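Descriptive analysis of the structure
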Amino acid sequence: MNKKEAKIKIEQLTQTIREHNHNYYVLNSPTITDFEYDILLADLAQLEKMFPQFAYPDSPTQTVGSDLFKQSDNTNETHKQKSFLQHTHKYPMLSLSNTYSIEELNSFNDRIIKGTSGEFNYSCELKFDGTAICLTYKNGELVRALTRGDGSIGDDVTLNVKQIKSIPHTLKNSPTLPDEFEIRGEIYMPYSAFDNLNYQRELEEEPPFANPRNAAAGSLKQLDPEIVKERGLECTLYHLITPSPIAQTHWEALQLAKEWGLPISEHSRICNDINEVFNYINEWDTKRRELPFATDGIVIKVNQLNVQQSLGYTAKSPRWATAFKFKPEQALTPLLSVDYQVGRTGAVTPVANLEPVQLSGTMVKRASLHNADQIELLDIKIGDYVYVEKGGEIIPKITGVEKGKREESVKDIVFPTQCPVCGATLVRDTDEAKHFCPNSDNCPPQIKGKFIHFISRKAMAINAGEATIEQLYNKGLIYSLSDLYSIKEEELLSLDKWKEKSVKNFLDSLEKSKNVPFERVLYALGIRHVGETTAKSLAYAYKSIDNLADATKEDLLQIDEIGEKLADSIVNYFMDSRHIQMIGEMKQAGLKLSIDSSANAIESEKLKGLTIVISGNFSISREELKKTIEKHSGKVGSSISSNTNYMVAGEKCGPSKLQKAEKLGTKIISEEEFYKLIQD
Ligand SMILES: [Zn+2]
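Below is a summary of the structure that appears in this document. On a predicted model such as this, the values are computed, not experimentally measured, just so you know. (Residues numbered from 1 in each chain as written. Predicted model: local features only at pLDDT ≥ 70, side-chain atom pairs only at ≥ 80, totals over all residues. Heavy atoms only, no water.)

1. With respect to the coordination of the zinc ion
Keep this limit in mind: Distances define the donors: N, O and S atoms within 2.8 Å of the metal qualify, as do those within 3.2 Å of Na, K or Ca. Water is excluded, so some sites may look unfinished. Put simply, DSSP H or I for four residues or longer makes a helix, DSSP E for two residues or longer makes a strand, and each gets a number counted from the N terminus. The buried label goes to any residue with under 20% of its type's maximum accessible area, the exposed label to any with over 50%, and the partly exposed label to all in between, with areas taken from a 1.4 Å probe on protein chains only.
In this structure, Cys419 (SG), Cys422 (SG), Cys437 (SG) and Cys443 (SG) serve as the protein donors to the zinc ion, at separations of 2.2 to 2.4 Å. Sequence spacing among the residues donating to the zinc ion works out to C-x2-C-x14-C-x5-C. Here Cys443 lies in the loop between strand E19 (435–436) and helix H12 (444–455) and Cys419 lies in the loop between strand E18 (411–412) and E19, a separation of 24 residues in the sequence. Cys443 shares its class with Cys419; the two are buried.

2. Thoughts on the pairing of strand E22 (residues 646–649)
Stated formally: Two strands pair under a simple rule: DSSP has to find at least two bridges between them. A right-handed crossover is one whose linking path, passing over the helix from the first strand to the second, runs clockwise when the strands point away from the viewer.
On E22, burial covers both faces: Tyr646 and Val648 on one face and Met647 and Ala649 on the other are all buried. One ladder, built from four bridges, connects strand E20 (residues 611–615) with E22; its direction is parallel. From the neighbouring strand, Ile612 faces E22, where its bridge partner is Tyr646. As defined by bridge partners, E22 adjoins strand E23 (residues 667–669) across three bridges and the pair is classed as parallel. Along E23, the bridge assignment pairs Tyr646 with Lys667. For the handedness criterion, the β-α-β arrangement of E22, helix H23 (residues 655–664) and E23 is classed as right-handed.

3. Describing the packing of H12 against helix H13 (residues 466–474)
Under the convention used in this document: Each axis is a line fitted through C-alpha atoms, taken for helices only over the stretch in contact, and angles between the N-to-C directions span 0 to 180 degrees. Roughly parallel covers angles under 35 degrees, roughly antiparallel covers those over 145, roughly perpendicular covers 65 to 115, and oblique covers all other angles. Here is the rule for handedness: rotate from the far helix to the near one, and if that takes an anticlockwise turn smaller than a right angle the crossing is left-handed, while a clockwise turn gives right-handed. Should any heavy atoms of two residues lie within 4.5 Å, those residues are considered in contact. For this classification, Asp, Glu, Lys and Arg are treated as charged, while Ala, Val, Leu, Ile, Met, Phe, Trp, Tyr, Cys and Pro are nonpolar and the rest, including Gly, are polar.
Remark: H12 packs on H13, axes separated minimally by 10 Å, with the N-to-C direction vectors making an angle of 135°. Overall, the two elements H12 and H13 adopt an arrangement that is oblique. Where H12 crosses over H13, the handedness of that crossing is right-handed. Contacts between H12 and H13 pair Pro444, Ile447, Lys448, Phe451, Ile452 and Ile455 from the former with Glu466, Ile469, Glu470 and Tyr473 from the latter. Its residues assigned to classes, the contact of H12 with H13 shows seven nonpolar, no polar and three charged.

4. Brief notes about helix H22 (residues 622–631)
Where H22 is concerned, the buried positions are Glu624, Leu625, Lys627, Thr628, Ile629 and Lys631. Considering only its buried residues, H22 is in contact with helix H17 (532–542), E20, strand E21 (635–637) and helix H24 (671–678). Directly after H22, the chain includes Ser633, whose backbone phi takes a positive value near 70°.

5. Digging into the environment of Ile614
With respect to the helices and strands, the residue Ile614 is situated in strand E20. According to the relative accessible area criterion, Ile614 is buried, its value standing at 8%. The contact partners of Ile614, leaving out residues within four places of it in the chain, are Arg622, Leu625, Lys626, Ile629, Val648 and Lys657.

6. Quick notes on unusual backbone geometry
Its identity as a non-glycine residue notwithstanding, His370 has a phi of 65°, on the positive side. Here His370 lies in the loop between strand E14 (362–368) and helix H11 (372–378).

7. Digging into the sheet that holds E23
Spatially, E21-E20-E22-E23 is the arrangement adopted by the four strands of the open sheet, whose pairing is parallel. For this open sheet the edge positions go to E21 and E23, each flanked by a neighbour on one side alone. Along the sheet, successive strands turn relative to each other by an average axial angle of 35°, direction set aside. Pairing of E20 with E21 involves three bridges; the strand directions are parallel. Bridging across to E21, Val613 finds its partner in Gly637. Strands E20 and E21 of the sheet are contacted by H22, whose axis makes an angle of about 170° with E20.

8. With respect to H17
Along H17, the residues classified as buried are Thr534, Ala535, Ser537, Leu538, Ala539, Tyr540 and Tyr542. Residues of H17 that are buried in the fold lie against helix H16 (518–524), helix H18 (545–550), helix H19 (553–557), helix H20 (564–575) and H22. Backbone geometry just after H17 places Lys543 at a positive phi near 65°.

Printed below as a string of structure tokens:
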């Protein structure tokens, strides 16, 4: 490679890696695997070593990837995310160097031995696949939680972190407890919580998270702490920083932290030499597959704090620690055929049937192909040998085709034009990659899907599962959602394995669901694109289902957050006479189809005498935010005046309002600060 080529290549790689950093750290939606990313980074580092004159001073090889959110970012969960307050890290938050190779780990060990004269050993720890966090405790109280940010400044996510059960707000009193200290670790999402979250997102037609890591990072950046609470995040801490030393070794320091009540991993081990480190790695490469959470490698740290200190840091990472990452396991196997599954929302997903193959300890027979675009992109044909990978995800995916093994007999994959279940002609919106079956009221998987959504916890919370719905549907007892409320006891007793007790439980829970408030009933109806937040906005704005059914598209567009697509979907829903009939039957059954007047009850007087103006977009609808102000005895002002006490400024807050507020000296607060006003 000549100089000119090297210069161009370095420029290209730097640019590409920066884009991937942004996708990974900010959007929580990576487009390449960690392994592919690490290869790019290693390539760049290699070139920079050969041609240092062309390296950028802020090259990604020298800087920490930033998770800081910019206004222009369009993320997976845009409407719920916003900038956080930011704080400077007291000590820079670096990342770890990493390697996939045993030889490099050996050189790491050699460098340590060369660089130190004293005795040392290693602390080996599982590398949890989550998002980094830095906690500050003062006098035993959790006072601040910052994300890594760009390494020197992080987002303040204290309120969100306080929703994570394993993180104590107050520590146990102990003579060893310093007045103030920092402790760093990882916030992660166990597989069970991850599956649950993606299931909910599927119901609400939101894009699923690619893996638990992205889900954890995305959840931590939610603006509403209540949402964080429901996401089932966990935490493990691995690096204690005290103003003055309280232990000789890293290991002892963590033991003290554990005594104070902080969550420390149980899977760490002291290794006396590099061979013991390799044993630890080999052991966990297999055992980690049984863990209920994702890990992507092993962290190896010099245990003695004085040795750590003498080794020091590079601009990007400590010299006394490194991460050994596990390669994603791949398997090569023939693609036998493709099935098309119709989901609850009518989305048609191609699923590959594979020649069974062993992968990460399990036998894999099926893998997702996502959509028609993906099939085209990978240029897969039936009969091809395909690469299957299990990354952070649970469902294996096909990552490529071994073209060298392609035979002439391979056949094109022809995406069906008709629904494989009900035969309706499939549709594909121009902006969506997926094909849909539009026959939502008559296509069996979609009907069952509507019931499963209807009974779910955030909707009607009826005590039943998919198997019950399946049975009721197959017996012809339910077709329209309102049918649930006319099922008779003797019909239920005829179901497989149903005894009097289960019948009673089911009927009781149906009865109880009649008290579910209007906004949740509206959500439970499963109107396309109407998620929980939209349902609340609509319920507050229209007060009853009848008013909503009468609303025109123009009316609907007046409401914040309701766009063309949603307005069309709502109008179409109420144009269907079957839906009107069903709603009539629900009214008969006694479901709440209008706002309860008690829903407006006053919760506190915290905002009594205060006039508050809101402007911009928030994590919740504006209607809901206004309602919250009123519930706490505040008054919602329509424009800024000298009587305005606060202005809550959201995303895209009107600049003229801001100017006026500044001019009149009105206190401008963020949504997060507003919640602090009404907190207990
Ligand atoms: Zn269908």
